[in-house]
Number of protein chains: 4
Amino acid sequence: MTVPAPLTGVVPPVCTPLTPDREVDVPSLVRLVDHLVAGGVDGLFVLGSTSEAAYLTDGQRRRVVETVVGHVGGQLPVLAGAIDMTTPRVLDHVRAVTAAGADAVVATAPFYTRTHPAEIARHYRLLAAGSPVPVLAYDLPASVHVKLPADLVLELAADGSVAGLKDSSGDLAAFRTVVTGARADTALSGFSVLTGSELVVDSAMALGADGAVPGLANVDPVGYVRLDRLCRAGDWDRARAEQERLCALFAMVGVGDTTRMGPSSSALGAFKAALHLRGVIACPATADPQVPLSEAETEQVGKYLAAVGLL
Amino acid sequence: MTVPAPLTGVVPPVCTPLTPDREVDVPSLVRLVDHLVAGGVDGLFVLGSTSEAAYLTDGQRRRVVETVVGHVGGQLPVLAGAIDMTTPRVLDHVRAVTAAGADAVVATAPFYTRTHPAEIARHYRLLAAGSPVPVLAYDLPASVHVKLPADLVLELAADGSVAGLKDSSGDLAAFRTVVTGARADTALSGFSVLTGSELVVDSAMALGADGAVPGLANVDPVGYVRLDRLCRAGDWDRARAEQERLCALFAMVGVGDTTRMGPSSSALGAFKAALHLRGVIACPATADPQVPLSEAETEQVGKYLAAVGLL
Amino acid sequence: MTVPAPLTGVVPPVCTPLTPDREVDVPSLVRLVDHLVAGGVDGLFVLGSTSEAAYLTDGQRRRVVETVVGHVGGQLPVLAGAIDMTTPRVLDHVRAVTAAGADAVVATAPFYTRTHPAEIARHYRLLAAGSPVPVLAYDLPASVHVKLPADLVLELAADGSVAGLKDSSGDLAAFRTVVTGARADTALSGFSVLTGSELVVDSAMALGADGAVPGLANVDPVGYVRLDRLCRAGDWDRARAEQERLCALFAMVGVGDTTRMGPSSSALGAFKAALHLRGVIACPATADPQVPLSEAETEQVGKYLAAVGLL
Amino acid sequence: MTVPAPLTGVVPPVCTPLTPDREVDVPSLVRLVDHLVAGGVDGLFVLGSTSEAAYLTDGQRRRVVETVVGHVGGQLPVLAGAIDMTTPRVLDHVRAVTAAGADAVVATAPFYTRTHPAEIARHYRLLAAGSPVPVLAYDLPASVHVKLPADLVLELAADGSVAGLKDSSGDLAAFRTVVTGARADTALSGFSVLTGSELVVDSAMALGADGAVPGLANVDPVGYVRLDRLCRAGDWDRARAEQERLCALFAMVGVGDTTRMGPSSSALGAFKAALHLRGVIACPATADPQVPLSEAETEQVGKYLAAVGLL
């Protein structure tokens, strides 16, 4: 299907359920997609950071896209991450995910290599030239170690190289520069500005964002959809209350013992433990070399769910 | 062939010559390998950072390993980078490069994802379990954004997970900790400690390094081999003079205009321009999205070569 | 005077006008304070980053506090930065600024030295024990290279060590954690949570901030006071419009040529050029070793002012 | 006295002994100076990072310089740190320490403020213009968060703004660029290039450094003087053995429990514990807000001393 321009609403980065031996658990993935669709989401983003794209082999990535597109293709737009170090490698992923049916691709600036704004611009222009579907820029400085400059994003939007921005930088002021810059140019009316922050979706919507890509929406799609609708209705007080409820739930990402694991093991482990506890996925395993949550840590996740009425 | 334990001497990270349309230039690669072998090097490291591994597609990577192994296999050990974000993806590269004949693999800590020492340790242990050939740890904080702690390297050496270290951290004090730690344990007598710094090979050898993996050795293999032999002979005064000559040559990495390109475009562009000027490779192109050197910048590279008698 | 608990509204970090030979320009400082008071601000923060505290000698710092307190003391609360590397040095500044009449002090975590959360906690507890007036924590990772963790701020709030937070981290999600954490504890009803971001004051107010400390309020105090009042009235549409007007004005911080100067020279130079163009201060000089704006850059500042009707 | 040009040999950054109530312990400081002079050092550097300059009040700093200059002035050159954020504040310290008798001053680039190479150059030129004694540049990126570029150092050396470099960057390759650059210019024959790394003094001397400023020389001045003399004699094998002995001793900096304290508390705490155990200073206290070593950690320090025959 053609991705709406702009794409709006809640577009969860879909977790990738794994079997105990770390293969893609297709039935669980299908159930997760159903859970999200039933929750009212507006699109699906597979192979993002929350999807453990960095951990999935090319074969697993293909399986994920085929499964999700096969299950919901045509009903909802399916965006796919094309996460790799540089242009030639990203283009290979673009080919793979579009062959599997993705409606749009999402790509970061080059990483691992040391780069430059001029090279980032070339990167996105080459991706646009090589992609049969729209390309969204993914700003994720925690992983890429470079922040996409707002003026570069607007320049790439203006020349049609990028169709939208998924901003996971945590820098709402810079995000606002893109939002207001895009709105000021009628030629950019189809450009999508999406926040990747779970905790300030109401703030992002209030200043003009088109939608959100919150990892936590795996666990509570209904909550994020409700939040999005309250924001669209301008009901800011109730939006804030819903956002604060989701913030309380989000605190689950800190359950992991920091002497034993990193923030990825803890956060993705918590999301998957929650999906397992809620009965959506069969196994809470995260990909290697992440460290699994302990039983006590998993119990903590359950308490977070119970506290907001999800268990 | 079996990689010597320890691997010693000069093991250049082999540049990957490209055609004007950015495909692997196999005849140039063969000529480059001949140039390095004729220079007296002790091994070859393909698919490292200097090889633009981050820019090569999986198909191109395979072609590089097959070409080099096919041309020199058995004469010299061929190490291959398995550069990717996390364990499952790295293991796919391990399978690919060893199927193509690599004698050892070189892998960094996980990157893109946020990680933890315990996860880095798991990563290397899983790589060791899954690799049919020895695994060397690659410490490259400029790309990976994490420094491999010396005590972790020694721990992984002690349990046999890593067979050596390629240290491109620039932190000679931490490197020394590994060198002296490895030497203090007779069980580690086969562990290879290699420096990736072009500029302090003499210093690294003086404190006990087994060898060097200098990108600049593509341009002047004879110089680095001479340096290595002077160090082994304990002729420190002449070693220092040779090292300083190579330092002067290395300054070519700064020819690129920093308002127009990043350090990778400049440094790899300079190495390839030098190889082109020296008649070793047919085309100085670097991979996308790197920015090519201008004509004036290329002329500067020629002056660096001429100044040390290489043109 | 006693600082209100919580302190609310607009509390500009007051620029420090300098003479051409880089001494404190007392008459200009008095005029600037009058300009801010006339604009309706709710308090004054001297010796913050926008005040060039890092550049002022101890004698100049004292002169600033004495001048401002002498001119408005008792009408408005005057907060003073106590900006230095570690506890003993900060305590000397606390003594100096409170002797000169400051009503509260604002202090960062230790910097220059490498530190630890336990040491940051000790730091604030020792400051609280040694200060005759309330201490506000100043979160400024761009300068201090450490982010104050939200849970540490709340812990220090709970034990009475800090009376408020000035958050210039740019991380609105972490800021929200402090805001909602403080609101959840009735014992913290007097704790002030202030944002230092010029560009998302409306967002911060919407999620519960008590007020703002915007450097740009030197240039347009009326605009920020209007924004604050609109937020308090829940008139979010007009608040957003006012905020966007101020965002457009804020873009002046980028006038400086980045090949010639750093971001501090550019931003503080722009604020002072604007104050000079608006007739508030006699000379736009910034402190050494900052680089002055060129004539063309100063003209650009004038255009930003004109565009929002301030010139 | 006039500082030799170049200054050579071992110039320890002198620890600042404190009383239990964190005042300068003058008798212990005098004993420490005697211990260093008896060890054969070539100069003294007070108010550096190892001296806890970042923690000492202006009064304490003055006391330190007066004490040390009063005790050894004229026998040995006394360098003093002028550690503060920007030019005007550093110049105040320059005035204070030279009034107290310092023979040279040592200053970093600006910190806390965000800066630029052009501003760093202005900073050192203004310091040179305002200082009655030579100024050495102090490269300490761990504290200043900027690395002094080698070409900038050489430019400032060439125009006479800086008389030497104390390099604590840990980047030996960049250090070498300064060393060889200075040696290549006969006008710079008096420029001092000193390493601040405890662990690679032999390497630095071998490539042409003039001397070292090792914090650990407080604990074992005799060892570092012996190392320096072996290097000067070209006896590299014995130099390496001595350096390795000192590396083993240096490991004491890691005794502190990282869940309880930062690296400064641990390293400075270990040096002071060692000086206390060796009977040189009366009390091992470090300045606030550093966390003291536990009894068990102090015992560990004793074991490090015993292992190299210092207890």
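Conventions adopted
- Residues numbered from 1 in each chain as written.
- Chains lettered and ligands numbered in written order.
- Predicted model: local features only at pLDDT ≥ 70, side-chain atom pairs only at ≥ 80, totals over all residues.
- Heavy atoms only, no water.
- Helix = DSSP H or I, 4+ residues; strand = E, 2+ residues; numbered from the N terminus.
- Least-squares fit on C-alpha atoms with pLDDT ≥ 70 in both.
- Contact = heavy atoms within 4.5 Å.
- pLDDT = per-residue confidence, 0-100.
- UniProt positions renumbered as here; feature names shortened; annotations may be inferred.
- Buried < 20%, exposed > 50% of the residue type's maximum accessible area, 1.4 Å probe, protein only.
- Pairing = 2+ DSSP bridges.
- Axes fitted to C-alpha atoms, helices over the stretch in contact; angles between N-to-C directions.
- Right-handed = clockwise from strand over helix to strand, strands pointing away.

Enquirer: Whenever I open this one, unusual backbone geometry confuses me. Can you help?
Expert: Residues apart from glycine generally show negative phi values, whereas peptide bonds are mostly found in trans. Residue P289 of chain A is bonded to the preceding D288 of chain A through a cis peptide linkage, with omega at 5 degrees. Along the polypeptide, P289 of chain A turns up in the loop between α11 (263-277) and α12 (295-307). Positive phi, normally seen in glycine, also occurs at R22 of chain C, with a value near 65 degrees. As for its position among the elements, R22 of chain C is in the loop between β1 (9-10) and α1 (26-38).

Enquirer: Mind showing me how you'd approach the relation of the copies chain A and chain B here?
Expert: Between the two copies of the chain lies a relationship made up of a rotation around an axis and a movement along it. Between chain A and chain B, the superposition needs a rotation of 180 degrees and an axial shift of 0.0 Å, giving an RMSD of 0.0 Å. Expressed as a symmetry operation, the mapping of one chain copy onto the other fits a two-fold axis. With an isologous cut-off of 70% or more, the 100% of interface residues of chain A that recur at the interface of chain B puts this contact in the isologous class.

Enquirer: Any chance you could explain the relation of the copies chain C and chain D here in plain terms?
Expert: The two copies are related by a screw operation: chain C maps onto chain D through 180 degrees of rotation and 0.0 Å of translation along the axis, at an RMSD of 0.0 Å. Of the interface residues in chain C, 100% have counterparts in chain D that sit at the interface too, so the contact is made through matching surfaces.

Enquirer: Would you mind going over the confidence of the model for chain A with me for this structure?
Expert: Atomic detail in the predicted coordinates should be set aside for any region of low pLDDT. Residues with a pLDDT of 70 or more make up 100% of chain A, whose mean pLDDT is 97. Note on the complex model: pTM 0.97, ipTM 0.98.

Enquirer: Got a minute to help me understand the UniProt feature "binding site: pyruvate" (unreviewed entry) in chain A in this structure?
Expert: Residue and element names in this part refer to chain A. In this numbering, the UniProt entry assigns the feature "binding site: pyruvate" (unreviewed entry) to T50 and V213. The annotated residues occupy 164 residues of the chain but converge on a single region, no pair of C-alpha atoms lying more than 10.0 Å apart. Examined against the element boundaries, T50 turns out to sit in the loop between β2 (44-46) and α2 (58-72). Since its relative accessible area comes to 13%, T50 is described here as buried. Excluding residues within four positions of it along the chain, T50 makes contact with P13, C15, G215, N218, L268 and F271.

Enquirer: Just checking my understanding: could you explain the sheet that holds strand β2 (residues 44-46) of chain D for this structure?
Expert: The strands that make up a sheet are held in pairs by hydrogen bonds between backbone atoms, and each pair lies either parallel or antiparallel. Residues and elements named next belong to chain D. Taken in spatial order, the eight strands line up as β1-β8-β7-β6-β5-β4-β3-β2 in an open sheet, and their pairing is parallel. Looking at which strands have only one partner, the edges of the open sheet turn out to be β1 (9-10) and β2. Most of the contacts of helix α7 (residues 172-183) go to strand β7 (residues 192-195), to which it runs at about 160 degrees, and overall it touches β6 (164-167) and β7.

Enquirer: What am I meant to see in the pairing of strand β6 (residues 164-167) of chain A here?
Expert: Each regular strand displays side chains that alternate between the two surfaces of the sheet. Residues and elements named next belong to chain A. Burial along β6 is two-sided: the residues G164 and K166 and L165 and D167 are all buried. Examined bridge by bridge, strand β5 (residues 135-139) and β6 share four bridges and lie parallel to one another. Directly across from Y138, in β6, lies its bridge partner K166. Pairing analysis gives four bridges linking β6 to strand β7 (residues 192-195), with the strands arranged parallel. The residue bridging L165 from the neighbouring strand is V193, located in β7. Of the crossover connections in this fold, the one passing from β6 over helix α7 (residues 172-183) to the parallel β7 is right-handed.

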